[in-house]
Amino acid sequence: MTTVPVSFSVNGTPYDLHVEPRRLLSDALRHDLRLTGTHVGCEHGVCGACTVLVDGDPVRSCLLFAVTLDGAEITTVEGCCAPSGGMGPVQQAFHECHALQCGFCTPGFVTTVTAYLCDHRDPTRAEAREAVSGNLCRCTGYVNIVSAVQRAAELTAGLTAEDRS
Amino acid sequence: MTTRLFGERVPRVEDPRLVTGNGRFLDDLGHDALEAAFVRSPHAHARIVDIDVSEALDVEGLVAIYTYDDLDGRTGEALPLLIPHPTLTHGRTPHALARDEVNHVGEAVVMVVATSRYVAEDAAERVRVEYDFLPAVVGIEAARAAEELVHDDVPGNLAARMVQQTGDADAAVDAAPNLLELDLEIERSASMPLEGKGVLARWDPDDESLLVHTSTQTSTSVRQALAAKLGLPVDRVEVVTPDVGGGFGVKIVHPWPEEILVPWAAIRLGRPVKWTEDRREHFVSSAHERGQLHHVRVGYDDEGVLAGLSVRFWHDNGAYVPYGLIVPIITSTQLLGPYKPGVYRVEFDSLYTNTVLVTPYRGAGRPQGCYVMERVMDAIAAERGIDRTVVRERNFIRPEEMPYDHGLIFQDGRPLLYDSGDYPATLAKLKKLVGWDGFEAYREQARAEGRRVGIGLACYVEGTGVGPYEGGHIRVETDGTVVVSTGLTTQGQGHRTMLAQIVADELGVPFDRVRVTTGDTRRFKYAVGTFASRTAVMSGSAVALTARSVRDKALTIAAEALEVDVEDLEVVDGHVRVKGSPSSSIDLGAVAVLSNPLRYAFDEAAARATQFAAPADPEKPPVGPGEQPGLEGSDYYSPPRSTFANGMHAVVVETDPDTAEIRVLRYCVVHDCGTLVNPMLVEGQIHGGVAQGVGGALYERMEYAPDGQLLNASFMDFLMPYASEVPEVEIDHLVTPSPLNPLGVKGAGEAGVIPGAAAIASAIEDAEGLTITRMPISPSELFALRAAHRKETP
């Protein structure tokens, strides 16, 4: 099948790819760019494990064709790390709160929460629960994920304060 | 001083990789491998007349197409019946690719291998399979009626009939002052891990060896099965579990057809081959569980104390029984929970249907058993007008009656003998936690606001830590790193953290020096697998025993080096030191160097162990009789029988008086799994189990059409709970150590899910004042129940 050129950036790195028009963004990220942190749990946009940020907005990468992303800035779970390469604030919060078990769904939660916290600095527990209610997790029962959203908000606020000082 | 880690909420060592996207799950490997796709039966029951692959052959990138006729040697035989049982008189298992007949939608018929999954699916879509339709047997009723048969040579669709009894239960029931009969049904659900199955096989023709990565709960047994099926010497096969995205039981079954076919194709093609299960495949070609119908006769006195219990139930085992009768055996034994049943008899039929096969899903038959027994307790309480907690209390096994022998045989072939537990204390804690005695005031207050609420509870006992054994291997490297291996696998439970806590304590080393590997046959070859809440009990005990033996070895070597008595030494913070004189010490890395007498000084540390470096008795061999080089050891733990954890859950629900929407307002858990290695991990297991329990009670079911089509085989239609459906979970622990193992632990992995359907049924019944006999229950079903109830009681 013929391939089509497409250019986008992932976690700040520009890529020029040639992909089949039918190639899903999730497959392009995982198998062409080998950024395997983005996981595919259902292939029909329900579970949220494949969530990445496109120009800052959370989207299901299993429902997008890679060729439609020309010019986009994409952020995956790998891009949610600290500048040092260690755990970023949302990842740190998931670790501290035991908000993951098998870790398969976690990348989708990390990206979703990262986007959410950009415009929700101090969510209540109910708001935190609502924020993650579009992602499926089969291991944790969500209790600690909800806690992690709030903890991530605290850690993010701390980082922002550091930036200011 | 080394801080004791056993019992501490140690953060997980697994997390940094997983949260940053650096986990390595099956489909994260083998980017350059060929990929497989399968043509699966679209029919529930049919004979295969012809397979025409001609159209598929033109697809660019196609590498191979295989049907049953291509399978040579033992790959063409039926897959193994993993757990035989004398009563399983008609056990049937599938072939890796369907031979002449398909018995459920989703059964693999043709395997396609191509340069990518996209191409493999292009080709699969062009394969034409001609079928002769046969009538489908769907549901327990049709299986029992047996007007049509799933397998021609299995009369009555009956795989097995099994009876266990402690006496003439029906006579005891009939002689009792009061008698109740109940019909109780529970529907199918499934483990449904977020990651499906997957296999990657690499054949090295030069080395004549096979390396297989598979998303399994038992790598050691997959290895044995592969060697047998593929006709390879076992020592040419290694099986590794990468990160596994959840299991919950479905991945203990093995070898799956794809686990045979993918390595088989890799060997034939001389190239790596990979298959990653997609979600629809997981729905229609993995396994389900839970579907059972029960008829109960119970006799009891005026106080509600049981005199006799007679249970007859029908278990829908799907099209095949590769995992034997484990699920119904567990239901039939664990149904008893914390109670003394009087005289007990249980009889079950395990029945074939033209649906996906049934194998353990977290809880494995216990949720059904618990649901039956707890419905019985609620029915007796209602009939006698006694508080539901009081009826339960009156039937409890008392702590002073432990160990308690039920006189039955459990799933491990050993007596159903409870080792310990304090059920009245557990119940007292639960009543306090949920505020049982104050609930009527809350109900009145809610009623005044126009709201309808109810409270329910359920109790369970869970046999955990099933044998036969697990082992551990520990080696202290010369840099002081402690390398631990155990053969069983991990699917997210935090085993590496939990086992490292145990080893760090037992060996006396800092936690961050310990590295644990699970489920890699290159590292440890003898193991059973991860199921039945057994890792902390089995591998936890095994690594503890191993650490003790390695510690002893370190003390012996250090005693010689420091020229002191072994009795005068202790290991603290990775150093062997003289008690009371900490300056006289040697670190474990140095002990490891000394443990391995060397000729060659390949590095500075090694130089200390070479033949001219240290004074030695010239008359003694450098490695004495009975000694082995290296600071390492292996040990195994094999218990006489299972250990029995228990717990009790209470639920407060609100039901909408108009729409019948059901909301769980509070979910309280009191849990006794003996001593806790890491309470944070145990609570995580409970949270996850509770969510699955809520799902199984209110949302999840497999909707089979009468023709055997699974109508809701997607996450859009099979309703797994999101965060918006799962309540906060309030937990209290009771610790009754197990006397059976060196750590006093009992299993914790499955407990959270067991009483979910039972407790929620109890709460809805309490809110509504009508009888619940069928779970899960949806708002529309509750609405219909209300209408029927109004008709009955105008």
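Residues numbered from 1 in each chain as written. Chains lettered and ligands numbered in written order. Predicted model: local features only at pLDDT ≥ 70, side-chain atom pairs only at ≥ 80, totals over all residues.

K.L.:
Got a minute to help me understand the overall build of chain B in this structure?
P.N.:
Scanning chain B from N- to C-terminus turns up 19 helices and 29 strands. Expected size for 794 residues packed as a compact globule is a radius of gyration near 28 Å; at 28 Å, chain B falls within 12% of this value. Its C-alpha atoms put chain B at 100 × 75 × 50 Å along the principal axes. Burial analysis of chain B (794 residues in total) assigns 58% to the buried set. (Helix = DSSP H or I, 4+ residues; strand = E, 2+ residues; numbered from the N terminus. Rg over C-alpha atoms; globule rule 2.2 N^0.38 Å. Buried ≥ 20, exposed ≤ 12 C-beta atoms within 10 Å, placed from the backbone.)

K.L.:
Is there a simple way to explain the overall build of chain A in this structure?
P.N.:
Broken down by element type, chain A carries five helices and five strands. In summary, chain A has a C-alpha radius of gyration of 16 Å against a globular reference of 15 Å for 165 residues, a match within 12%. Taking the principal axes of its C-alpha atoms as reference, chain A extends roughly 50 × 40 × 25 Å. Within chain A, buried positions represent 60% of all 165 residues. Of the contacts made within chain A by residues no fewer than 6 positions apart, 59% connect residues no fewer than 24 positions apart. (Contact = placed C-beta atoms within 7 Å.)

K.L.:
Please explain the environment of Gly472(B) as it appears in this structure.
P.N.:
Residues and elements named next belong to chain B. Tracing the sequence through the fold places Gly-472 in strand S19 (residues 470-476). Placed 18 residues apart in sequence, Gly-472 and Thr-490 show a C-alpha to C-alpha distance of 14 Å. Setting aside its immediate chain neighbours within four residues, Gly-472 contacts Val-484, Ser-485, Thr-486, Ser-539, Ala-542, Val-543, Thr-546, Ser-634 and Asp-635.

K.L.:
Can you help me understand the interface of chain A and chain B in this one?
P.N.:
When the parts of a complex come together, some accessible area is lost, and that lost area is often used as the size of the interface. Taken residue by residue, the interface counts 46 residues in chain A and 43 residues in chain B. Among the secondary structure elements, those contributing two or more residues to the side of chain A that touches chain B are helix H2 (89-96), helix H3 (106-119) and helix H5 (143-164) of chain A. For the side of chain A that touches chain B, a count of residues per class yields 21 nonpolar, 18 polar and seven charged. (Nonpolar A, V, L, I, M, F, W, Y, C, P; charged D, E, K, R; others polar.)

K.L.:
I keep staring at the domain arrangement of chain B and nothing clicks. Help me out?
P.N.:
Residue and element names in this part refer to chain B. Domain boundaries in chain B define domain 1 (32-134 + 191-285), domain 2 (363-465 + 641-792) and domain 3 (468-595 + 630-637). Computed over C-alpha atoms only, the centres of domain 1 and domain 3 are separated by 38 Å. Counting residues at the interface gives 17 residues for domain 1, matched by 16 residues for domain 3. At the level of elements, helix H5 (219-230) and strand S11 (237-240) are the ones that each hand at least two residues to the side of domain 1 that touches domain 3. In terms of residue count, H5 provides more of the side of domain 1 that touches domain 3 than any other element does, four residues in total. Residue composition of the side of domain 1 that touches domain 3, by class: four nonpolar, 10 polar and three charged. (Domains from an automatic or database assignment.)

K.L.:
What am I meant to see in helix H6 (residues 257-269) of chain B here?
P.N.:
One turn of an α-helix holds 3.6 residues; hence residues three or four places apart share an orientation. Residue and element names in this part refer to chain B. Between its first and last C-alpha, H6 extends 18 Å over 13 residues, near the 18 Å set by a 1.5 Å rise per residue. Among all positions in H6, only Glu-258, Glu-259, Ile-260, Leu-261, Val-262, Pro-263, Trp-264, Ala-265 and Ala-266 are buried. Directly after H6, the chain includes Gly-270, whose backbone phi takes a positive value near 65 degrees. (Expected span 1.5 Å × (residues − 1).)

K.L.:
I keep staring at the sheet that holds strand S20 (residues 482-486) of chain B and nothing clicks. Help me out?
P.N.:
What holds strands together in a sheet is hydrogen bonding between their backbones, with the strands either parallel or antiparallel. Residues and elements named next belong to chain B. Pairing within the open sheet is mixed, and its four strands lie in the order S21-S20-S19-S25. Unpaired on one side and paired on the other, strand S21 (514-518) and strand S25 (632-637) mark the two borders of the sheet. Taken over all neighbouring pairs, the strand axes of this sheet differ in orientation by 15 degrees on average, direction set aside. As paired strands, S20 and S21 are joined by five bridges and run parallel to one another. Among the inter-strand pairings, Val-483 is bridged to a residue of S21, identified as Arg-515. Across the sheet, helix H13 (residues 495-507) touches S19, S20 and S21, and the angle it forms with S21 is around 135 degrees. Packing against the sheet, helix H14 (residues 535-562) makes contact with S19, S20 and S25, and its axis sits at approximately 145 degrees to S25. (Pairing = 2+ DSSP bridges. Axes fitted to C-alpha atoms, helices over the stretch in contact; angles between N-to-C directions.)

K.L.:
Which parts of the structure should I look at to understand the sheet that holds strand S28 (residues 729-733) of chain B?
P.N.:
Residues and elements named next belong to chain B. Within the open sheet, the four strands sit side by side as S18-S26-S27-S28. Their pairing is mixed. Lying at the two open borders of the sheet, with one neighbouring strand each, are strand S18 (452-464) and S28. The mean angle between the axes of side-by-side strands here comes to 15 degrees, regardless of whether they run parallel or antiparallel. In this fold helix H18 (residues 756-768) packs onto S18, strand S26 (643-655) and strand S27 (662-672), with an angle of close to 160 degrees to the strand it touches most, S18.

K.L.:
Sorry if this is basic, but what is going on with the pairing of strand S3 (residues 51-54) of chain A here?
P.N.:
Residue and element names in this part refer to chain A. Across four bridges, S3 lies against strand S4 (residues 57-60) in antiparallel orientation. The residue of S4 that forms the bridge with Leu-53 is Pro-58. Where S3 folds back onto S4 in an antiparallel hairpin, the turn is made up of two residues, including Asp-55, whose phi is positive at roughly 50 degrees. By the bridge criterion, two bridges tie S3 to strand S5 (residues 73-75) in an arrangement that is antiparallel. Each bridged residue has a counterpart across the sheet, and for Val-54 the counterpart in S5 is Ile-74.

K.L.:
Help me understand the domain arrangement of chain A, please; the structure alone is not making it clear to me.
P.N.:
All names here are of chain A. Domain annotation of chain A identifies domain 1 (4-79) and domain 2 (81-164). The C-alpha-based centres of domain 1 and domain 2 are spaced at 21 Å. Taken together, the contacts link 18 residues of domain 1 with 14 residues of domain 2. Here the element with the most residues in the side of domain 1 that touches domain 2 is S3; it accounts for three residues. Tallied by class, residues from the side of domain 1 that touches domain 2 come to seven nonpolar, nine polar and two charged.

K.L.:
When you look at the nonpolar core in this model, what are you seeing that I'm missing?
P.N.:
Considering soluble globular proteins, one finds that nonpolar side chains tend to be buried as a cluster. Core analysis: the largest hydrophobic core is formed by 299 residues, its most contacted members being Ala36(B), Met111(B), Val112(B), Val503(B) and Ile760(B). Residues in contact with Ala36(B), not counting those within four places in the same chain, are Met111(B), Val112(B), Val113(B), Ala120(B), Val262(B), Ala265(B), Val273(B) and Trp275(B). (Core = buried A, V, L, I, M, F, W, Y, C linked by C-beta atoms within 7 Å.)

K.L.:
When you look at helix H12 (residues 439-448) of chain B in this model, what are you seeing that I'm missing?
P.N.:
The buried fraction of H12(B) amounts to zero of the 10 residues, a small share that puts the element mostly on the outside. Just downstream of H12(B), Gly450(B) is the residue with a positive phi angle, here 80 degrees.

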